[in-house]
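Tertiary structure, described
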Amino acid sequence: MAVNERDPYTGYMTAGHEWNGIKELNTPVPRPVYFFLIVTALFALVYWILMPAWPLGVTYTKGLLGNDQRAIVADSLKQAALERGVWAKRIEAGSFKDIQADPKLMEMVRQTGRTLFGDNCAACHGSNAQGTKGFPNLTTASWLWGGDPESVAETIRVGINSAHPKSRISQMMAFGRDGMLKKDEVDNVVAYVRSLSDPAVAKDVPAPKIEAGKAVFIANCASCHGDDGKGKIDLGAPNLSDRFWIYGGDDESIHATVWGGRQGQMPSWEGRLSSLDRKILALYLFDLRRTEP
């Protein structure tokens, strides 16, 4: 095939290549392609001049506009710190009651508290703060050491059964394992305790068994949980008459608790979280408890 042959249909010269009778045409590049290539090159040149672009060892070309992303981020962080400082000082200085009455401050509490909770508390209490077996649900009104913000803040500060010198101390003794109660006494008191939170149990269990369990309860459990089983905040003893259970409220779970005892633990956060962070967390949890169903 000749190189200088002209295609009779298109008028273009051939390139000298042929495949199965198909000849390659020497078609020129469309002019718009050159236009866009030139525009792209000019844009790149202008960008290199105006913006940071080329590395130069340990530095780089700054560009005529002086656009520095690191400086922009640093300024943004500085501005955020200044803004945080304003409301943070108000929260530090204000009482729990005054802060709760301020919608703008509470909005900051919700935003910051959500992050603090997710970073420090969610691993045990769950991302929704509703707990798991062995870790209490923080969205209910059932708090071992008091559910007002002041009490919650103190619990966060000192922990429960922690290494802090002022830690809250609480322990459920192993009445069955340590031989303080006989097996039938454990069975009876379990039935009685279940009847406190679930009246239907009292109908299904023989009355003598419930009465025997009540006698065991008064003699061994009332000193911590109260004669009515509603617990004592000063001892961290839970209310046994509601439906909120840390380790489960079914027969098997309560039996395991009475037989083998319990000793939950919460670390002290005084060394990790600032007083401001602990205060925000306490306000956040109290607010969460009031808004959750």
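For every chain, the first residue of the written sequence is number 1, and numbering continues from 1 along that sequence. Selection of residues for local features in this predicted model requires a pLDDT of at least 70, selection of side-chain atom pairs for listing and counting requires 80 or more, and totals for whole chains, interfaces and linings are taken over all residues. Calculated side-chain values reflect all of the structure's heavy atoms, with hydrogen atoms and water omitted.

1. Focus on the state of the cysteines
The criterion for a disulfide is a pair of cysteine sulfur atoms lying within 2.5 Å. Per the counting criterion, the structure on display carries zero disulfides. Cysteine cysteine 121 is unpaired, with the sulfur of cysteine 124 as its nearest cysteine sulfur at 8.6 Å. Burial classes: relative accessible area under 20% of the type maximum marks a residue as buried, over 50% as exposed, and values in between as partly exposed (1.4 Å probe, protein chains only). Judged by relative accessible area, which is 14%, cysteine 121 ranks as buried. No disulfide involves cysteine 221; its nearest neighbouring cysteine sulfur is the one of cysteine 224, lying 8.5 Å away.

2. Quick word on the packing of aromatic side chains
Aromatic rings from Phe, Tyr and Trp, with only the six-membered ring used for Trp, were paired whenever their centres fell within 6.5 Å, and each pair was classed as stacked if the ring planes differed by under 30 degrees, edge-to-face if by over 60, and tilted otherwise. Overall, the coordinates contain five aromatic pairs when judged by the stated rule. When the ring of phenylalanine 35 is compared with that of phenylalanine 36, the centres are 5.3 Å apart and the planes differ by 75°; the resulting orientation is edge-to-face. Judged by its relative accessible area of 53%, phenylalanine 36 falls in the exposed class. For the pair tryptophan 48 and tryptophan 54, a centre-to-centre distance of 5.1 Å together with 65° between the ring planes defines the contact as edge-to-face. Using a relative accessible area of 41% as the deciding quantity, one classes tryptophan 48 as partly exposed. Taking relative accessible area as the criterion, tryptophan 54 reaches 46% and is therefore assigned partly exposed. Any Lys NZ or Arg CZ found within 6 Å of a ring centre and within 35 degrees of that ring's normal is scored as a charge over the ring. The ring of tyrosine 60 carries lysine 62 above its face, with NZ or CZ at 3.8 Å from the centroid. For the cation-ring pair, lysine 279 lies above phenylalanine 96, with the distance from its terminal atom to the ring centre recorded as 5.4 Å.

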